[in-house]
Amino acid sequence: MKISFKKSEKFLKRAEKIIPIGSQTFSKSKTALPFGVSPFFAQSGKGSKLYDIDGNEFLDFVNGLASVTLGYCDPTINQAVQKQLRKGVTFSLSTEKETELAELLVELIPCAEMVRFAKNGSDATSA
């Protein structure tokens, strides 16, 4: 099976004109992935499969940098996200869901006594 990256290579050049290294993160950039054999731009995902903008299909072992442990487009997860989106997200106050999730994590993780959520890796590292 021959894999083509023509559209990806062209789009990478376009992205590099306005985004340093063509990606917002080093872990998703050409510095982390072998050029010519790796996709650089995702189109969609389903389960463990990732589809790039050239239409190639890959088994995604990276899994959204480990944030997608259940796979892409899981119907149960999508339904829960859509339900919450209708209520709103990123409020200026805490929500009941934050406490409920923290309680569940403390229950499931034997060494966890408390939970602190962070909005990004930099905030988590600083904390």
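Within each chain, residues carry numbers counting from 1 in the order of the written sequence. For a predicted model such as this one, the threshold for reporting local features is a pLDDT of at least 70, and the threshold for listing and counting side-chain atom pairs is 80 or more; totals across whole chains, interfaces and linings nevertheless cover every residue. Here the side-chain values reflect all heavy atoms present in the structure, with hydrogen atoms and water set aside.

Another aspect to go through is the overall build of the protein. For the purposes of this entry, the term helix denotes a DSSP run of H or I that reaches at least four residues, the term strand denotes a run of E that reaches at least two, and both are numbered from the N terminus. Within the protein, the regular secondary structure consists of five helices and three strands. In the protein, the order of α-helices and β-strands from amino to carboxyl end is α-β-β-β-α-α-α-α. In this treatment the radius of gyration is a C-alpha quantity, and the globule benchmark scales as 2.2 Å times the residue count to the 0.38 power. For 127 residues, the compact-globule estimate of 2.2 N^0.38 gives 14 Å, and the protein exceeds it by more than 25% at 18 Å. With respect to the principal axes defined by its C-alpha atoms, the protein has extents near 50 × 35 × 30 Å. A burial count over the protein gives 20% of its 127 residues as buried. For the protein, restricting intrachain contacts to residue pairs at least 6 apart in sequence, the fraction spanning at least 24 positions comes to 34%. Per-residue accessibility, obtained with a 1.4 Å probe over protein chains only, is compared with the maximum for each type, and a residue is labelled buried under 20%, exposed over 50%, and partly exposed between these values. The criterion used for residue contact is that any of the two residues' heavy atoms lie within 4.5 Å.

Stacked, tilted and edge-to-face are the three classes assigned to paired rings of Phe, Tyr and Trp, where Trp is represented by its six-membered ring and a pair needs centres within 6.5 Å; plane angles under 30 degrees give stacked, over 60 edge-to-face, the rest tilted. On inspection of all chains with the given rule, the structure shows three aromatic pairs. Relative to Phe58, the ring of Phe5 has its centre 6.3 Å away and its plane inclined at 15°; by these criteria the two rings are stacked. Of this pair, Phe5 sits in the segment before helix H1 (6–16) while Phe58 sits in strand E3 (residues 57–59), placing them 53 residues apart in sequence. For the pair Phe11 and Phe41, a centre-to-centre distance of 4.8 Å together with 80° between the ring planes defines the contact as edge-to-face. A residue pair is termed long-range when its members are at least 10 positions apart, and Phe11 in helix H1 and Phe41 in the loop between H1 and strand E1 (42–46) qualify at 30 residues. For Phe41, a relative accessible area of 15% puts it in the buried group.

The next thing to look at is the nonpolar core. Listed in full, the five residues of the largest apolar core are Leu12, Ala15, Phe40, Phe41 and Ile53. Excluding residues within four positions of it along the chain, Ile53 makes contact with Lys7, Ser8, Phe11, Phe41, Ala42 and Gln43. Buried Ala, Val, Leu, Ile, Met, Phe, Trp, Tyr and Cys residues form a nonpolar core when they are joined through side-chain atoms within 4.5 Å.

Any link to function would need more than the numbers given here.
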